[in-house]
Structures are given as structure tokens and as C-alpha cells.
Amino acid sequence: YKKFIKLYYQDSKKSYFKNDIYSTSERLSNLILFICYNKFLNYNFDELKIIILTHVKIIIRNIEYKKNLTNNHILNNFRALILSSVFINDKKLFKSSIKNFIKFYKYVFNNNGQIKEGSSHYHLLIHSWIEDINHFCKNSSFEYEKDLSHSIKKISNYLNNVRSNS
């Protein structure tokens, strides 16, 4: 496990890593999910926080917003930031990330809930991201904040609609 964590840190310093924000977002989300699903691991939180914040800074500086060409990548960027914010308990990062996730959701989905890219694979992938976000939101200390509860409910409502229509 420690080699796994160390690789994340070493890779975050390489130039190719900083140029592929989608992969950076995936790696960060996967690292956090790995740690959360393996709670029995004895990890150094301070070391992990440094790795997470290194990734967060790279993602924030390079959010994949491309005006009318914005696609699912931007949602993945915000997914990584939301999961990170809950894991390190950063309310400010959580607040901005959840609001931006909701804001950019319309760039990826049509009003009927179908993904604009038309791919059922992407639709399933993004749905799993939203499941991750919903789980982290519900298990965060931020869930009951008045200004955030509306955004969190939107995500939960989306999932409930998808589940009931399946």
C-alpha cells in the first residue's frame, strides 16, 4: 500500500501528469476511494493530505472548461475536488466544487437527462461518478449546511430518478 501511495506522489511531479487533467482527476478520485474502502490501512494522513492537495492545485489550475465543447471531463474534475474536499474536510473547496458541478452539469446532459455525447458508456460512467459524489456528500460534515443542502439534494434527486426509471 505504501508503494501505491508513493507512486501517486512521485507521478504528481511529472510534467505529463500536469498536462492530462482528466487522468489527474481519475487518479485522485481513485486514491481517495481506495483509502476509504480500505479503512483498515494504517496511513499517514498528513502525507496523504500533501498528495491530495498537490493534485487539487493542479486540477483547479486546469479545469477542463471549453465553452460549447465542454464535456464529461469537467464533471470528473469536480468529482475529484468534491471527494477531496470531504476527505480533507475543506468546506470552502467543497462549496465551490459542488456548486460548479451543478453549474456545468447542463453542459453535459440534455434537459431529459441524456448525455449530450450520446454514449451509453459515458452515461454509465458519469452516473457512477454521481453515485460517488452523492455518497461522499451524504457522509460529509457539510450535508446539513443550509447553503449546500439544495445542491446536494439535486444530486440525490437525479440518482433517485435514474434508479426509479431503470
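This is a predicted model, so every value here is computed, not measured.

1. So, the side chain of Ser 140
Looking at the secondary structure, you find Ser 140 in the loop between α7 (120-138) and α8 (146-164). Only 2.9 Å separates the side chain of Ser 140 from the backbone oxygen of Cys 137, close enough to count as a polar contact. If near-sequence neighbours (up to four positions away) are discounted, Ser 140 is found in contact with Val 86 and Phe 94.

2. Focus: the environment of Asn 110
In this structure, Asn 110 sits in the loop between α6 (91-108) and α7. Those residues in contact with Asn 110 that lie beyond four places of it in its chain are Ile 115 and Lys 116.

3. Considering the packing of aromatic side chains
Counting across every chain of the model gives 4 aromatic pairs. Taken together, a centroid distance of 6.3 Å and an interplanar angle of 55° make the contact between Tyr 22 and Trp 129 tilted. Of this pair, Tyr 22 sits in helix α3 (residues 21-37) while Trp 129 sits in helix α7, and the two are 107 residues apart along the sequence. Each member of the pair Tyr 22 and Trp 129 is classed as buried. Consider the rings of Phe 78 and Phe 104, whose centres lie 5.9 Å apart with planes at 10°: the pair is stacked.

Thresholds applied
- Residues numbered from 1 in each chain as written.
- Predicted model: local features only at pLDDT ≥ 70, side-chain atom pairs only at ≥ 80, totals over all residues.
- Heavy atoms only, no water.
- Helix = DSSP H or I, 4+ residues; strand = E, 2+ residues; numbered from the N terminus.
- Polar contact = N/O pair within 3.5 Å; in protein donor to acceptor, adjacent residues only side chain to side chain.
- Contact = heavy atoms within 4.5 Å.
- Phe/Tyr/Trp six-rings, centres within 6.5 Å; stacked < 30°, edge-to-face > 60°.
- Buried < 20%, exposed > 50% of the residue type's maximum accessible area, 1.4 Å probe, protein only.

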